[in-house]
Amino acid sequence: MSRLSRVFLVLAGVLLIAAGVFCMNHEEATLLSVAFLLGFFMMLSGIIELFMYAKERKIMKGAGWVLLDGIVTVLLSVLLIGNQAFTLLSLPFMFAMWLLFSGGFRCVSAFELKKAGVSNWGWVMFMGIILILGGFLGMMNPLASMLAIGWMVGFSLIFEGVDTIICGLVSGSAV
């Protein structure tokens, strides 16, 4: 993976962490503006993944999973930004599905890293499992998720950010 791609991954991770901290400190504003905030940061994350795929697809292990994650993330972000009333009603499920998909993609990428001989592949797997667990928790109790949306979104974005930074620093060959 090129140095520029790694820098973009770390930058995307820092932005996701910043969004998470904001959401945790402004719960009321988060609930009122979550569709735009979540959609915007998901769009940015998806675009960066699509950019990475276009630039690194020939040398990146698991490039198809990066492409699929980027496409799913961009499509969900368009839905979140474009229909805010729908978003408020379906947010717990939409967000949980995003965590499940991203976590699943991270787990698949971890196995690709392991096959490629990358020694720190376990961190990518660990973060994928954490994201999947967060997705399941959000699906199991959507009312509680809605009541604690600022914290749920904040923690999830921070985990996504940390995971993205880890991928940028550790992977070298796959995300």
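Structural data are supplied above this passage.
Residues numbered from 1 in each chain as written. Predicted model: local features only at pLDDT ≥ 70, side-chain atom pairs only at ≥ 80, totals over all residues. Heavy atoms only, no water.

Visitor: How should I be thinking about the overall build of the chain in this particular structure?
Guide: Assigned secondary structure in the chain consists of seven helices and zero strands. Of the regular secondary structure in the chain, the N- to C-terminal order runs α-α-α-α-α-α-α. Taking 16 Å as the expected radius of gyration for a compact globule of 175 residues, we find that the chain reaches 15 Å, a close match to that expectation. The 175 residues of the chain split such that 47% are buried. Counted over contacts in the chain with a minimum sequence separation of 6, partners at least 24 positions apart contribute 81%. Surface accessibility of the chain: about 8300 Å² in total, with carbon and sulfur atoms responsible for 76%. Of the charged side chains in the chain, 9 are positive and 8 negative; the average position of the first set lies 17 Å away from that of the second. (Helix = DSSP H or I, 4+ residues; strand = E, 2+ residues; numbered from the N terminus. Rg over C-alpha atoms; globule rule 2.2 N^0.38 Å. Buried < 20%, exposed > 50% of the residue type's maximum accessible area, 1.4 Å probe, protein only. Contact = heavy atoms within 4.5 Å. Areas by Shrake-Rupley, 256 points an atom, 1.4 Å probe, with all protein chains shown as cover. Lys, Arg positive; Asp, Glu negative; His and termini not counted. Charge placed at Lys NZ, Arg CZ, Asp CG, Glu CD.)

Visitor: Just to check I follow, could you spell out helix H5 (residues 121–140) for this structure?
Guide: Side chains three or four residues apart in an α-helix point the same way, a direct result of the helix having 3.6 residues per turn. The terminal C-alpha atoms of H5, which comprises 20 residues, lie 29 Å apart, in line with the 28 Å expected from a rise of 1.5 Å per residue. Among all positions in H5, only Val-124, Met-125, Met-127, Gly-128, Leu-131, Gly-135 and Gly-138 are buried. In an axial view of H5, the angular spread of the buried residues amounts to 165 degrees, which keeps them on one side of the axis. In H5, the exposed positions that point more than 90 degrees away from the buried face belong to Leu-137 and Met-140. (Expected span 1.5 Å × (residues − 1). Arc of directions from axis to C-beta.)

Visitor: Got a minute to help me understand the pattern of salt bridges in this structure?
Guide: Pairs can form between side chains of opposite charge whenever their charged atoms are close. This model, assessed by the stated rule, comprises five salt bridges. The partner of Glu-160 in a salt bridge is Arg-106, and the shortest N-O contact between them spans 3.8 Å. Of this pair, Glu-160 sits in helix H7 (residues 149–171) while Arg-106 sits in helix H4 (residues 84–115), and the two are 54 residues apart along the sequence. Glu-160 sits in the buried class, given a relative accessible area of 1%. Exposure remark for Arg-106: the relative accessible area of 3% places this residue in the buried category. Notably, a salt bridge pairs Lys-115 with Glu-112, separated by 4.0 Å at the nearest N-O pair. With Lys-115 and Glu-112 both in helix H4 and three residues apart, this pair spans about one turn of that helix. We classify Lys-115 as exposed; its relative accessible area is 68%. One network of salt bridges, with partners in common, ties together Glu-49, Asp-69, Arg-106, Glu-160 and Asp-163. (Salt bridge = Lys/Arg side-chain N within 4 Å of Asp/Glu carboxyl O.)

Visitor: Teacher, can you tell me more about the side chain of Glu-49 here?
Guide: Along the polypeptide, Glu-49 turns up in helix H2 (residues 27–56). Other than its neighbours up to four places away in sequence, Glu-49 contacts Val-66, Asp-69, Gly-70, Thr-73 and Arg-106.

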